[in-house]
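Here is how the chains run, residue by residue.
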Protein chains: 2
Amino acid sequence: MKRSTLFKKIKISPPQILTMTFLVAILFGTILLYLPISTVEPISWIDALFTATSATTVTGLVVVSTGNDFTMFGQSVIMVLMQVGGLGLMTFAILIVLLLGKKIGLRGRILIQQSFNQYSLGGMIRLVQVLLFFAFGIELLATAILAVRWVPEYGWTYGLFTSAFHAVSAFNNAGFSLWDDSLSGYVGDPTVNILITLLFISGGIGFTVLYDLWKTRNFKQLSLHSKVMLTGTLAVNLIAMLFLFVSEYGNMETIGALPLGDKLWASYFQAVTPRTAGFNSIDIGSMETGSIVLISLLMFIGAGSASTGSGIKLTTFLVIILVTTSYLKGKKEAVIFNRAIPSHLLERSLAIVFISMAAVFAGILILSYTEQAPFEWIIFEAFSAFGTVGLSMGLTGDLSTIGKFVIMVLMFIGRVGPVTLAFALARQHREQISHPKGDIFTG
Amino acid sequence: MKRSTLFKKIKISPPQILTMTFLVAILFGTILLYLPISTVEPISWIDALFTATSATTVTGLVVVSTGNDFTMFGQSVIMVLMQVGGLGLMTFAILIVLLLGKKIGLRGRILIQQSFNQYSLGGMIRLVQVLLFFAFGIELLATAILAVRWVPEYGWTYGLFTSAFHAVSAFNNAGFSLWDDSLSGYVGDPTVNILITLLFISGGIGFTVLYDLWKTRNFKQLSLHSKVMLTGTLAVNLIAMLFLFVSEYGNMETIGALPLGDKLWASYFQAVTPRTAGFNSIDIGSMETGSIVLISLLMFIGAGSASTGSGIKLTTFLVIILVTTSYLKGKKEAVIFNRAIPSHLLERSLAIVFISMAAVFAGILILSYTEQAPFEWIIFEAFSAFGTVGLSMGLTGDLSTIGKFVIMVLMFIGRVGPVTLAFALARQHREQISHPKGDIFTG
Ligand SMILES: [K+]
Ligand SMILES: [K+]
């Protein structure tokens, strides 16, 4: 009895492996970025740590200029860290957390098997190969297309590197850019707008959905998860685009002065990027407070499960909306695409949202003591870090040391996933005793 | 068939009765407060409407000075409206929503019967008599005690009236005061501090709990609901008091300059008042941003069910914490005081929190366009209105016309209860078809 307890204590669970992998990647990244070869002028340890955390968690918040303060070697390190943080989690989600994860159990395994039509470990490993092949293929293609645009502008070496950097950054939803004003220089450029957004939308919708689409090519035959993600993404993006277009229409510091076509492009871009790409083509700090509030919500919702994005995930948000509306209508079950939502999904969604809110709330609370900045800057920064989005109203560069650590912790929690992290930290004990049910008044 | 449909359409549900009762009370109040006899100088229709809404929803946000702009007649109207809004909802909760409410059904009836040991309609009506007797008794006693303090200071007529006004306002958690600086003049006065807080804590904990305590006088034999409310209230108040004491300790504009005893009194007072009394003994606008963030959370959580308070309710908040922690620990059910939380409570809690957040979020969004004020003022005002708390950083007096309507709607939703209101508005249709369960990825 004692022995098995000891074994259990030593055994590392999949959530713990995931958490540690990220920590190790960040540590290596920090050391590499601190080397003289990485920077034009020496940077502090904490700035190296911050940059490595931001890159590995695919956030994109920066305390030193990616384009001006890092050498091409340093920029390459950042590129690799984004790739590890973005693709790594997707691979992990498939290979370890979902396949071997005890917490996920049979249910999760059945779910992943249904999504991929794979029933064996061998099939799963092939699946990861497909994923990597697929991801690198997309990034290579995108690099080529961007090169057509940027090699004539910047020459072969820098033009190609810039194209590759932004392709990797976009597909992994990292939001790092070699320009200090992100993509503001290309606010009305269709090639850049369409390609970059296509990259981060496909990275953010999740590999399971992409794979499903590629195999099926027929909406009706898609898995429930894919249907929910596709319609949900379309709906949220459309609503956000319309809202931002109306909200910023007369704002001369953002899109007010642009011609109608560019206004629409900018609204589209700014509507899709908070979930969770983090590029910007207009100045965030000059936006209307209402737009800031909406973008904060979008950053909190985030992207799809097992994707290069973070946040509570679109499906979690939709489950909560569905359960609420069906409860109010007096239905006995919440239904979507003719399928009822099982109760374990409800519990999981509730746990995710609650821990996420608690994390962001704690972050805002601490920052409100340590930072001297308008309150909306603090709120925005906390949501951006948690959603690993990387948009900022301007606080990042002025963060205090404690503030930097708060943002790093939020980025880490956001990327690893609040529930995964909680599983990694919590001591599990399964009770077998059943308790009689007790009722209380609520609301 | 057609006939019964017609009947169903005409029939008014308990949530609809409750909603309409509040609307009628507000309408009458508005007309009375607009009369020349009510005010020193004429006020606008919208300010009369705002004051009536604020009084009936027991919020306490004011656009005109209660003490200086209203005559004693006007102040008496406000007193009656607070009484109707505070006691009315408690009575309603017992008589109609819980007893006859179809939505609540057998479950709710069993719950209320367990709490009160009443099994017949006759018993219920007696219960309401007890409630009213109880409430008026407490208010009368409190008036007498406050009169000892205030009659020597203000003379018989105004001293007695002031005592009665504040007793009614406190027990009903209304937060109206005849002084423009609320109770700041009595920041260190033990009589006022203890009595006023005892009043609004007992009003806010819910009549079911008070009745249970009075009957049982033994913690172990209390109902589950009472146990949860008592320990939860104690825990939340203690944590909030400690937090505010530390946060404001050095703030010279709030408690920094006070002697230690008064510092503790002020922290205690400001910790218990956001749920949902709304008096203040220190200047809210001068508090630390961190304190503001915490108070916003407390205002959102609010008081107990079937009480004179509002908010999502403490039990709703605790259910969500319990379900989250038990999910993370891998337990198959959430347990409190050896009782498992049934799944219908989980659904209800989720619905309450989601609609409440959506309402506050929408309010903040609109106010961010219509008001010219610091963002934290807007956030604070929205949470205060929804929780019918009535604290303000200073925005209320400067509200635009649209802003006033937004705050009125939030107060109304907060008091009637987001779920009750949604039930009143939603068309109910019970489906009998069962759907196969479908799984999706979340988080
Ligand atoms: K990002
Ligand atoms: K109040």
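The following refers to the structure shown. Source: prediction; values computed, not measured.

Within chain A, the secondary structure is distributed over 18 helices and two strands. Here chain A holds 443 residues, and the buried ones make up 60% of them. Within chain A, residue pairs in contact and separated by at least 24 positions form 71% of the contacts whose partners lie at least 6 positions apart. Approximately 18,000 Å² of chain A is accessible, and the part contributed by carbon and sulfur atoms is 68%.

A few words on the side chain of His166 of chain A. Residue and element names in this part refer to chain A. Position of His166 relative to the elements: it lies in helix α8 (residues 156-171). A residue is classified by how much of its surface remains accessible, and His166, at 0% relative accessible area, is buried. Aside from chain neighbours lying at most four places away, what touches His166 is Leu146, Trp150, Phe176, Ser177, Leu178, Trp179, Leu183, Ile196 and Phe279.

Once that is clear, we can look at the pattern of salt bridges. Residue and element names in this part refer to chain A. Summed over the entire model, instances satisfying the criterion amount to six salt bridges over all chains. Glu153 is the partner of Arg149 in a salt bridge, and the nearest nitrogen-oxygen pair spans 3.4 Å. On the criterion of helical spacing, the pair formed by Arg149 and Glu153 is a turn pair, its members being four residues apart in helix α7 (residues 121-154). Take Glu153: its relative accessible area is 42%, and that puts it in the partly exposed class. Among the ionic contacts, a cluster of salt bridges with common partners joins Arg149, Glu153 and Asp189.

Residues and elements named next belong to chain B. By the element assignment, Val63 lies in the loop between α3 (45-56) and α4 (66-69). For the pair Val63 and Asp47, spaced 16 residues apart in sequence, the C-alpha separation works out to 6.5 Å. With sequence-adjacent residues up to four places away left out, Val63 is seen in contact with Asp47, Phe50, Thr51, Thr396 and Lys404.

For the rest of this paragraph, the subject is the environment of Asp180 of chain B. All names here are of chain B. Along the chain, Asp180 turns up in the loop between α8 (156-171) and α9 (190-205). If we skip the residues at most four places from it in the chain, Asp180 touches Ser65 and Asn68. Here Asn68 takes part through its side chain, which lies 3.1 Å from a polar atom of the side chain of Asp180.

Quick look at the packing of helix α15 (residues 343-370) of chain A against helix α15 (residues 343-370) of chain B now. Viewed as axis vectors pointing N to C, α15 of chain A and α15 of chain B meet at an angle of 45°, and their least axial separation amounts to 11 Å. Considering their axes alone, α15 of chain A and α15 of chain B lie oblique with respect to each other. In this structure, α15 of chain A meets α15 of chain B at a crossing whose hand is left-handed. Facing α15 of chain A, whose interface residues are Leu346, Glu347, Leu350 and Met357 of chain A, α15 of chain B presents Leu346, Glu347, Leu350 and Met357 of chain B. Of the residues in the contact of α15 of chain A with α15 of chain B, the class split is six nonpolar, no polar and two charged.

Ranked by internal contacts, the top residues of the largest apolar core, which has 200 residues, are Met82 and Ile364 of chain A together with Met82 and Ile364 of chain B. Ile364 of chain B has contacts with Val293 of chain A together with Phe375, Ile378, Ile379, Ala382 and Phe383 of chain B, leaving out every residue within four places of it along the chain.

Moving on to α9 of chain B. All names here are of chain B. The terminal C-alpha atoms of α9, which comprises 16 residues, lie 22 Å apart, in line with the 22 Å expected from a rise of 1.5 Å per residue. Residues of α9 that are buried: Val192, Asn193, Leu195, Ile196, Thr197, Leu199, Phe200, Ser202, Gly203, Gly204 and Ile205. For α9, the N-terminal cap is Asp189; the gap from its side-chain oxygen to the backbone nitrogen of Thr191 is 3.0 Å. Note on α9: the residue one or two positions beyond its end, Gly206, has a positive phi of about 100°.

This next bit is on helix α14 (residues 314-328) of chain B. Residue and element names in this part refer to chain B. With 15 residues, α14 extends 21 Å between its outermost C-alpha atoms, agreeing within 8% with the 21 Å of an ideal straight helix rising 1.5 Å per residue. The buried count for α14 comes to 12 of 15 residues, which makes it a mostly enclosed element. Regarding α14, the residues found buried are Leu314, Thr315, Thr316, Phe317, Leu318, Val319, Ile320, Val323, Thr324, Ser326, Tyr327 and Leu328. Where α14 ends, the next residue or the one after it, Gly330, has phi of about 75°, a positive value.

What counts and what doesn't
Along each chain, residues carry numbers from 1 onward, in the same order as the chain's sequence is written. Each chain gets a letter, beginning with A, and each ligand a number, beginning with 1, in the order they are written. In view of the model being predicted, local features appear only for residues whose pLDDT reaches at least 70, and side-chain atom pairs are presented and counted only at 80 or more, with totals across whole chains, interfaces and linings using the full set of residues. No hydrogens and no water enter the side-chain calculation; it runs on all heavy atoms of the structure. Every helix listed is a DSSP run of H or I at least four residues long, and every strand listed is a run of E at least two residues long, numbered separately from the N terminus. Under the scheme applied here, a residue whose accessible area is under 20% of the maximum for its type counts as buried, over 50% as exposed, and between as partly exposed, the area being computed with a 1.4 Å probe on protein chains only. Throughout, a contact is declared for two residues whenever any of their heavy atoms are within 4.5 Å. What sets the accessible areas is the Shrake-Rupley method with a 1.4 Å probe; for residues, cover comes only from the shown protein chains. When a carboxyl oxygen of Asp or Glu lies within 4 Å of a side-chain nitrogen of Lys or Arg, that pair is called a salt bridge. What qualifies as a polar contact is a pair of N or O atoms within 3.5 Å, subject to a donor-acceptor requirement within protein and to the restriction that residues adjacent in sequence count only when both atoms come from side chains. Comment: axis = line fitted to C-alpha atoms, over the contacting stretch for helices; angle = value between 0 and 180 degrees taken between N-to-C directions. Every angle not falling under 35 degrees, over 145, or within 65 to 115 is termed oblique; those three ranges are roughly parallel, roughly antiparallel and roughly perpendicular. Left-handed describes a crossing whose near helix is turned anticlockwise from the far helix through less than a right angle; right-handed describes the clockwise counterpart. Basically, the charged four are Asp, Glu, Lys and Arg, the nonpolar ten are Ala, Val, Leu, Ile, Met, Phe, Trp, Tyr, Cys and Pro, and anything else, Gly included, counts as polar. Throughout this description, the term nonpolar core refers to a set of buried Ala, Val, Leu, Ile, Met, Phe, Trp, Tyr and Cys residues connected via side-chain atoms within 4.5 Å. Any helix carries an expected span of 1.5 Å times its number of residues minus one.

Everything listed here is a matter of geometry and, on its own, says nothing about what the molecule does.
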